[in-house]
Number of protein chains: 2
Amino acid sequence: MWQSDRMIFSVLVEVQLRPGVADPQGSTIERSLPALGFGGVVGVRVGKAMRFTLDSADAAAAQAEVAEMCDRFLTNPVIEDAVITVTEAAGV
Amino acid sequence: MWQSDRMIFSVLVEVQLRPGVADPQGSTIERSLPALGFGGVVGVRVGKAMRFTLDSADAAAAQAEVAEMCDRFLTNPVIEDAVITVTEAAGV
């Protein structure tokens, strides 16, 4: 019996500015919250959360493929770090 | 002996456009990836990942406070959903 070796993965890529890179959006939020009555918030950083599904052979291949996408296309490695989370969604 | 009842929490707020709301940024990524040699990617959604630390009494209070921040300030509840993750960082 033929069995597909492809699997579907749910991928989350969280992109954040590297530590030390100025984050004006985060700073603005941090400055504004006390005026709205929310105290005790520090260190606001605003990044991107990209979610998609990926058809790949296995989890390691999926992770490697997404890491290459991040390097080449999804992030700016000079100023951004990406954290990749790959979760098996289903077999095909 | 006096003990502070304040705790420090690490907060992650993931903001995504609600299902059905057009996501041009995600669509552009999805259209572009095959041209770069990355196939098998579908359903790209690009949201925001906000991280900060919050000084609050306990985890439930922290969660409630962040939920109110999201409703009032951090998200547009008409078109966006927020997923809040609160993790205890340290006692004060």
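Located above this text is the structure these notes cover.
Every value quoted in this text rests on a predicted model; they were computed, and no experiment measured them.

Which residues make up the side chain of Asp23(B), and what values go with them?
Residues and elements named next belong to chain B. Locating Asp-23 in the fold gives a position in the loop between β1 (7–17) and α1 (24–32). Among buried Asp, Glu, Lys and Arg side chains, Asp-23 stands out as unpaired, with Arg-45 the closest opposite charge at 4.2 Å. From its side chain, Asp-23 meets the backbone nitrogen of Gly-26 in a polar contact 2.9 Å long. At 2.7 Å, the side chain of Asp-23 forms a polar contact with the backbone nitrogen of Val-46. Among all residues touching Asp-23, those that are not within four sequence positions of it are Leu-17, Val-44, Arg-45 and Val-46.

Break down the relation of the copies chain B and chain A for me, with residues and values.
Overlaying chain B on chain A yields an RMSD of 0.0 Å, the required transformation being a rotation through 180 degrees with an accompanying axial translation of 0.0 Å. Here the copies are linked by what is in effect a two-fold axis. Considering only C-alpha atoms, the residue of chain B closest to the rotation axis is Lys48(B), which sits at 2.2 Å. Taken as a fraction of all interface residues of chain B, those also at the interface in chain A reach 100%, which identifies the copy contact as same-surface.

Tell me about the interface of chain B and chain A, residues and numbers included.
With 32 residues of chain B at the interface, the matching set in chain A holds 32 residues. The interface formed by chain B and chain A holds two salt bridges in total. The residue Arg51(A) makes a salt bridge to Glu14(B) at a minimum N-O spacing of 2.7 Å. Where chain B touches chain A, the interface holds 14 residue pairs in polar contact (both at pLDDT 80 or more). At the level of secondary structure, the elements contributing two or more residues to the side of chain B that touches chain A comprise β1, α1, β2 (41–56) and α2 (59–74) of chain B. With 15 residues, the top contributor of residues to the side of chain B that touches chain A is β2(B). Looking at the side of chain B that touches chain A, its residues break down into 16 nonpolar, eight polar and eight charged.

About the criteria used
Residues numbered from 1 in each chain as written. Chains lettered and ligands numbered in written order. Predicted model: local features only at pLDDT ≥ 70, side-chain atom pairs only at ≥ 80, totals over all residues. Heavy atoms only, no water. Helix = DSSP H or I, 4+ residues; strand = E, 2+ residues; numbered from the N terminus. Buried < 20%, exposed > 50% of the residue type's maximum accessible area, 1.4 Å probe, protein only. Lys, Arg positive; Asp, Glu negative; His and termini not counted. Salt bridge = Lys/Arg side-chain N within 4 Å of Asp/Glu carboxyl O. Polar contact = N/O pair within 3.5 Å; in protein donor to acceptor, adjacent residues only side chain to side chain. Contact = heavy atoms within 4.5 Å. Least-squares fit on C-alpha atoms with pLDDT ≥ 70 in both. Nonpolar A, V, L, I, M, F, W, Y, C, P; charged D, E, K, R; others polar.

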